[in-house]
Amino acid sequence: MRPRRGKAWATGLVLALLLCSLAAWAQTSVPPKNQPDATVRLAQTETVYHGNVRSKKFHRPGCRYYYCKNCTARFTSREQAIQAGYVPCKVCKP
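What you are looking at is a predicted structure, and each value in this text was computed from that prediction instead of being measured. (Residues numbered from 1 in each chain as written. Predicted model: local features only at pLDDT ≥ 70, side-chain atom pairs only at ≥ 80, totals over all residues. Heavy atoms only, no water.)

**Looking at the state of the cysteines**
Part 1: Applying the stated rule across the entire model yields one disulfide.
Part 2: In this model, C68 is linked to C71 through a disulfide, with the two sulfur atoms separated by 2.4 Å. Here C68 and C71 share a disulfide; its torsion about the S-S bond, 85°, makes the bridge right-handed.
Part 3: Under the relative-accessibility criterion, C68 is labelled partly exposed at 23%.
Part 4: With relative accessibility at 3%, the residue C71 sits in the buried group.
Part 5: C92 supplies the cysteine sulfur nearest to C63, a cysteine that is in no disulfide, at a spacing of 3.7 Å. (Disulfide = S-S within 2.5 Å. Buried < 20%, exposed > 50% of the residue type's maximum accessible area, 1.4 Å probe, protein only.)

Dropping the structure here:
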C-alpha cells in the first residue's frame, strides 16, 4: 500500500521546485562584478529623452509616459530639453 500524501506535501514539493529553479536562474543571470553590464553602459552614454509636444514635459527612459502618442520630440540631454522650453516630468524627475 502506498502512503497517503496530502495537500501539504504537494505544496512543499511545488515550493521546493520553485526555489531550485529560482536559484538556478539567479546564478545564470548575474553579470560579473568587475565588468559593467553593456546595457548599463549604453544607458549612461546615450540617454534619449522624449518630449511631449502638447504639454511641453520631457521624460526619461523607464517613465510610464515615455512612449505616449504626443512624445515625439527627442533630446539627447536634459539641458537640451530645458533650452527648448520643456519642463521635467514630475513622475520620473529626469
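**So, the sheet that holds strand 1 (residues 49–51)**
Part 1: Taking strand neighbours across the sheet as the criterion, the four strands line up as 3-1-2-4 in an open arrangement whose pairing is mixed. Because the sheet does not close on itself, it has two edges, and the strands there are strand 3 (73–75) and strand 4 (87–88).
Part 2: With three bridges joining them, strand 1 and strand 3 adopt antiparallel strand pairing. Along strand 3, the bridge assignment pairs H50 with R74. (Pairing = 2+ DSSP bridges. Helix = DSSP H or I, 4+ residues; strand = E, 2+ residues; numbered from the N terminus.)

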